[in-house]
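Residue-level structure breakdown
One letter stands for each residue in the lines below.
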Amino acid sequence: MTVPTAVPLDVLYVATVQVTGGRGGSARSLTGALQVELTRPAQRGPDAPGTDPEELFAAGYAACFDSALAVAARQEKVSTGPTSVTASVSLGRTADERYAIAVELAVSAPDCPQGELERVVAAADRLCPYSNAVRGNTPVTIRVDGRS
């Protein structure tokens, strides 16, 4: 089944990861650079091995958004200083019992004035492929912490 979506006209990179065993299995990239054991969130504990899809999504989104932030800062001619992006991905159920995720991004740039950082974050949100992928389907909250 193919669902029509916006397709990139100029493919820059393709990442391919094979999963066996679902949430309790393992994931391996075809390059071999990624090889992780997966654990169901309900089985997570302080000593549980492996990771889960929500952690992987959070890592990807945070990395992508921080890179988009750097591009947006250059485009907007804003010096942000050091930045960090923390992504929290929540897994839950909707009112009609479907599984869904929600995302919170916490963007920090303590050397950048708050107003300038908010402008750069808005531009980064338009640039980031993860933001563009989930927009309109997944709730995303962005907290911005710059210099007061």
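Just above sits the structure.
What you see is a predicted model; the values in this text were computed from it and never measured.

Focus: the sheet that holds strand 1 (residues 17-20)
In a beta sheet, neighbouring strands pair by backbone hydrogen bonds and run either parallel or antiparallel. The 3 strands are arranged 1-2-3 in an open sheet whose pairing can be described as antiparallel. Among the strands making up the open sheet, the edge pair consists of strand 1 and strand 3 (35-37). Here the strands of the sheet are splayed against their neighbours by 15° on average, with no regard to which way each runs. By the bridge criterion, 3 bridges tie strand 2 (residues 26-29) to strand 3 in an arrangement that is antiparallel. Residue pairing across strands places R28 opposite Q35, the latter belonging to strand 3.

Remarks on the pairing of strand 4 (residues 84-93)
Here is the key point about a regular strand: its side chains alternate between the two faces of the sheet. Looking at chain direction, strand 4 and strand 5 (residues 99-113) are connected through 10 bridges and run antiparallel. Residue pairing for strand 5: G92 is matched across the bridge by A100.

Quick look at the sheet that holds strand 6 (residues 140-147)
Across the sheet, which stays open at both edges, the 3 strands sit in the order 4-5-6 with mixed pairing between neighbours. The sheet is open, and its two edges are formed by strand 4 and strand 6, each paired on a single side. The sheet shows a mean angle of 15° between the axes of neighbouring strands, direction not considered. Against the sheet, helix 1 (residues 53-76) touches strand 4, strand 5 and strand 6, its axis set at about 145° to strand 4. Sheet strands touched by helix 2 (residues 114-127): strand 5 and strand 6. Its angle to strand 6, the strand with the most contacts, is close to 145°.

Let's talk about unusual backbone geometry
Positive phi, close to 55°, is recorded for K77, a residue that is not glycine. If you trace the backbone, K77 turns up in the loop between helix 1 and strand 4.

Criteria and cut-off values
- Residues numbered from 1 in each chain as written.
- Predicted model: local features only at pLDDT ≥ 70, side-chain atom pairs only at ≥ 80, totals over all residues.
- Heavy atoms only, no water.
- Pairing = 2+ DSSP bridges.
- Helix = DSSP H or I, 4+ residues; strand = E, 2+ residues; numbered from the N terminus.
- Axes fitted to C-alpha atoms, helices over the stretch in contact; angles between N-to-C directions.
- Contact = heavy atoms within 4.5 Å.

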